[in-house]
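Structural overview for review
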Amino acid sequence: MSTQRGTQSLPTSDKNTLNLTFSFPIPYNGTKPQVTATVQGSIGTYKVQDVVITPLQFKFGVTRTDQTNGWTEEPQLEWTAVGREVPPAEGTQVIEKSSSNTADITVKFPSTIDPAPKKIFAWVIGDFFSQITYAVQMGSINSSGFQCTVKRTDTASGWDESPSLFWTIIQK
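All figures in this text were calculated on a predicted structure; none of them were measured in a lab.

A word on the environment of Val62. Take Val62: it is sitting in strand β5 (residues 57-64). Val62 gets classed as buried once you look at its relative accessible area, which sits at 0%. Between the C-alpha atom of Val62 and that of Ala37, which follows or precedes it by 25 residues, the distance is 9.9 Å. Dropping the residues within four chain positions of it, Val62 is found in contact with Leu10, Asn16, Thr17, Leu18, Val39, Tyr46, Lys47 and Trp71.

Written out as structure tokens, the structure is:
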């Protein structure tokens, strides 16, 4: 898990509610983090609400709750995001349909990598409307590719779709 924190000055407002969007310094590629946010540094009382989170940013409303007017100072929004940062994929491979709940996969690199990578992160995403969940168990890694086992985790049966295995080298 990775934690990102930030403090942002909120602009002045003549209304008591202001809707804003902040981008994460490092995107949570493919995952949606949990975000907490509070307003500090003001004599007023504020509420952060209607938080909408994506892997790239969060949108929210700030409402001043101790009066119906806005604010003239610039209070600080302090936020924390906790989630898993997934590096962008370096490669992908379509996995064939399977009658069992596991499949052994061999991935060939586009070109030889010397020395061989020490660690690869791989994940599987099913078809667009798929409710199937998968896990990847890494096997051997060498300079020409790697082996892994893909397992369906939501049931003990196989799959009737062609999911994609994504991978990236995280330690050379």
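Now that the structure is up, let's keep going.
The three strands are arranged β8-β11-β10 in an open sheet whose pairing can be described as antiparallel. Of all the strands in the sheet, the pair left with one neighbour each is β8 (102-108) and β10 (134-142). Strand-to-strand twist across the sheet, computed as the mean angle between neighbouring axes with direction ignored, equals 20°. One ladder, built from seven bridges, connects β10 with strand β11 (residues 145-152); its direction is antiparallel. Its bridge partner being in β11, Tyr134 is matched across the sheet by Arg152.

Here we come to the packing of aromatic side chains. As enumerated under the stated definition, the model contains 13 aromatic pairs in all. Between Phe22 and Phe58 the ring centres are 6.1 Å apart and the planes differ by 75°, which places this aromatic pair in the edge-to-face class. With Phe22 in strand β2 (residues 17-23) and Phe58 in strand β5, this residue pair connects regions lying 36 residues apart in the sequence. The same class applies to Phe22 and to Phe58, which are both buried.

Right, let's talk about unusual backbone geometry for a bit. In this chain, Asp114 is followed by Pro115 through a cis amide linkage whose omega measures 0°. Structurally, Pro115 is set in the loop between β8 and β9 (119-125). With a phi angle near 55°, Asp50 is a residue other than glycine that sits in the positive phi range. Locating Asp50 in the fold gives a position in strand β4 (residues 46-53). When its relative accessible area of 60% is taken as the criterion, Asp50 is described as exposed.

Basis of the calculations
Position numbers for residues count from 1 along each chain, tracking the sequence in the order it is written. This being a predicted model, a pLDDT of at least 70 is required before a residue's local features are given, and a value of 80 or more before pairs of side-chain atoms are given or counted; all residues contribute to the totals for chains, interfaces and linings. Heavy atoms from the whole structure form the basis of all side-chain values; hydrogens and water molecules are not counted. In this description a helix means any DSSP run of H or I spanning at least four residues, a strand means any run of E spanning at least two, and both kinds are numbered starting from the N terminus. Each residue gets one of three labels from its accessible area relative to the maximum for its type: buried under 20%, exposed over 50%, partly exposed in between, using a 1.4 Å probe on protein chains only. Here, residues are in contact when the closest pair of their heavy atoms is within 4.5 Å. Note on pairing: two strands pair once DSSP finds at least 2 bridges between them. Axes here refer to lines fitted to C-alpha atoms; in helices the fit is confined to the stretch in contact. Angles between the N-to-C directions go from 0 to 180 degrees. Within 6.5 Å between ring centres, the rings of Phe, Tyr and Trp (the latter by its six-membered ring) count as paired, and their orientation is classed by plane angle as stacked under 30 degrees, edge-to-face over 60, tilted in between.

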